[in-house]
Amino acid sequence: KEDCKKYNLKFKTNFIYNYQEKPNFDKKSDFEVFNISSYGKRSELIIKIAESLSMQQIPYKFFIFDKKNKLKNNIYVEPIQKTIALNAVNNYIEKSNVLLDIHRENQNGLSFRVFESMGLHKKLITTNSDIKNYDFYNENNILLIDSKNPVIPRTFFETDYKKLHDDIYEKYYVNGWIKNDLNL
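Residues numbered from 1 in each chain as written. Predicted model: local features only at pLDDT ≥ 70, side-chain atom pairs only at ≥ 80, totals over all residues. Heavy atoms only, no water.

**Q** Could you clarify how one ought to interpret the nonpolar core in this entry?
**A** As a rule of thumb, nonpolar side chains are buried together in soluble globular proteins. Grouped together as the largest cluster of nonpolar side chains are 24 residues, with contacts concentrated most on Phe 115, Met 118, Phe 136 and Tyr 172. Broken down by secondary-structure element, the contributors of at least two residues to this core are β1 (31–38), α3 (86–94), α4 (112–119) and α5 (166–172). Beyond its immediate stretch of four places on either side in the chain, Phe 115 contacts Thr 13, Asn 14, Phe 15, Ile 16, Leu 110, Phe 136 and Tyr 172. Leu 53, Ile 64, Ile 152 and Phe 156 belong to the second-largest nonpolar core, a separate cluster that totals 22 residues. (Core = buried A, V, L, I, M, F, W, Y, C linked by side-chain atoms within 4.5 Å. Buried < 20%, exposed > 50% of the residue type's maximum accessible area, 1.4 Å probe, protein only. Helix = DSSP H or I, 4+ residues; strand = E, 2+ residues; numbered from the N terminus. Contact = heavy atoms within 4.5 Å.)

Take a look at the structure:
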């Protein structure tokens, strides 16, 4: 948003590229929270969140792509040295109820993970406070956490994803995103 103002550009979010028209909310999930990230500055926070979930006995699956195997003895995350195929990642996402989004340092915009969670009717845990400024923000579906002191209350997992109004989904689906951009 800041760059758009600075350079007089039209602001555009990411879009929903992966969605379920009729999600099965009754389907049993293998774990509550899923995340796949690369090793870096965010890893420490992801491990801290994994430890908290573990202590609360909330099932999760966190992969960290760790080419140099620095996390090989970590008991809270699963370090991987090879990339996982997109269809396998999608299977893990399908088996979860909540996606974890830890934004990168100096990242101001929303990641695709945000739109992925919305399109797949999954709850989201995120550190990106700008999410409160969007029309799809709903406290039931999105838990905003502090990266310095991440608190994830068990109650967040006790309610189901609350479906948003169809107009909101339409706005962010690729077709609506393009239509809005072209003012059709």
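Back to the write-up after that little detour.
**Q** For this particular structure, what's the right way to read the pairing of strand β2 (residues 60–65)?
**A** Walk down a regular strand and you will see the side chains alternate between the two sheet faces. Where β1 lies against β2, six bridges are found, and the strand directions are parallel. Paired with Phe 34 across the two strands is Lys 61, which belongs to β2. With helix α2 (residues 43–55) bridging β1 and its parallel neighbour β2, the resulting β-α-β unit is right-handed. Examined bridge by bridge, β2 and strand β3 (residues 78–80) share three bridges and lie parallel to one another. (Pairing = 2+ DSSP bridges. Right-handed = clockwise from strand over helix to strand, strands pointing away.)

**Q** I tried to follow the pattern of salt bridges on my own but got confused; where do I start?
**A** If charged atoms from side chains of opposite charge come close, those side chains can pair. According to the stated counting rule, one finds seven salt bridges in the structure shown. Close ionic contact of Asp 130 with Lys 1 constitutes a salt bridge, the shortest N to O distance being 3.4 Å. Of this pair, Asp 130 sits in the loop between β5 (123–126) and β6 (142–144) while Lys 1 sits in the segment before α1 (2–7), and the two are 129 residues apart along the sequence. Exposure remark for Asp 130: the relative accessible area of 16% places this residue in the buried category. Residue Asp 30 is joined to Lys 95 by a salt bridge in which the shortest nitrogen-to-oxygen separation is 4.0 Å. With a gap of 65 residues between them, Asp 30 in the loop between α1 and β1 and Lys 95 in the loop between α3 and β4 (96–101) connect regions that are remote in the sequence. Among the residues examined, Lys 95 registers a relative accessible area of 38% and is labelled partly exposed. (Salt bridge = Lys/Arg side-chain N within 4 Å of Asp/Glu carboxyl O.)

**Q** What am I meant to see in α4 here?
**A** The α-helix advances 3.6 residues per turn, and as a result positions three or four apart in sequence lie on the same side. In terms of residue burial, α4 counts as a mostly covered element, since seven of its eight residues are buried. Listed in full, the buried residues belonging to α4 are Arg 113, Val 114, Phe 115, Glu 116, Ser 117, Met 118 and Gly 119. Close packing links the buried residues of α4 with β1, α3, β4, β5 and α5. Just downstream of α4 lies His 121, where phi reads positive at about 60°.

**Q** What exactly am I supposed to notice about the environment of Phe 65 here?
**A** Inspection of the secondary structure assignment puts Phe 65 in strand β2. On the basis of relative accessible area, Phe 65 is assigned to the partly exposed category, the value being 25%. For the pair Phe 65 and Lys 163, spaced 98 residues apart in the sequence, the C-alpha separation amounts to 32 Å. Among all residues touching Phe 65, those that are not within four sequence positions of it are Ser 37, Ser 38, Tyr 39, Ile 80, Gln 81, Lys 82 and Thr 83.

**Q** What exactly am I supposed to notice about the pairing of β4 here?
**A** With respect to burial, β4 is a largely interior element, five of its six residues being buried. Bridge count between β1 and β4: three bridges; the pairing is parallel. From the neighbouring strand, Phe 34 faces β4, where its bridge partner is Leu 99. Judged from the four bridges that link them, β4 and β5 form a sheet pairing that is parallel. Residue pairing across strands places Asp 101 opposite Thr 126, the latter belonging to β5. A crossover links β4 with its parallel partner β5, the connecting element being α4, and its sense is right-handed.

**Q** Just checking my understanding: could you explain the sheet that holds β5 for this structure?
**A** Taken together, the six strands give an open sheet; going across it, the order is β3-β2-β1-β4-β5-β6, and neighbouring strands pair in parallel fashion. The sheet is open, and its two edges are formed by β3 and β6, each paired on a single side. If you compare each strand with its neighbour and ignore which way they point, the axes differ by 20° on average. The pairing of β5 with β6 spans three bridges and is classified as parallel. The partner of Thr 126 across the bridge, within β6, is Leu 144. The strands that α2 touches are β1, β2 and β4; relative to β2, the one it contacts most, it runs at about 160°. Lying over the sheet, α4 contacts β1, β4 and β5, oriented at roughly 165° with respect to β4. (Axes fitted to C-alpha atoms, helices over the stretch in contact; angles between N-to-C directions.)

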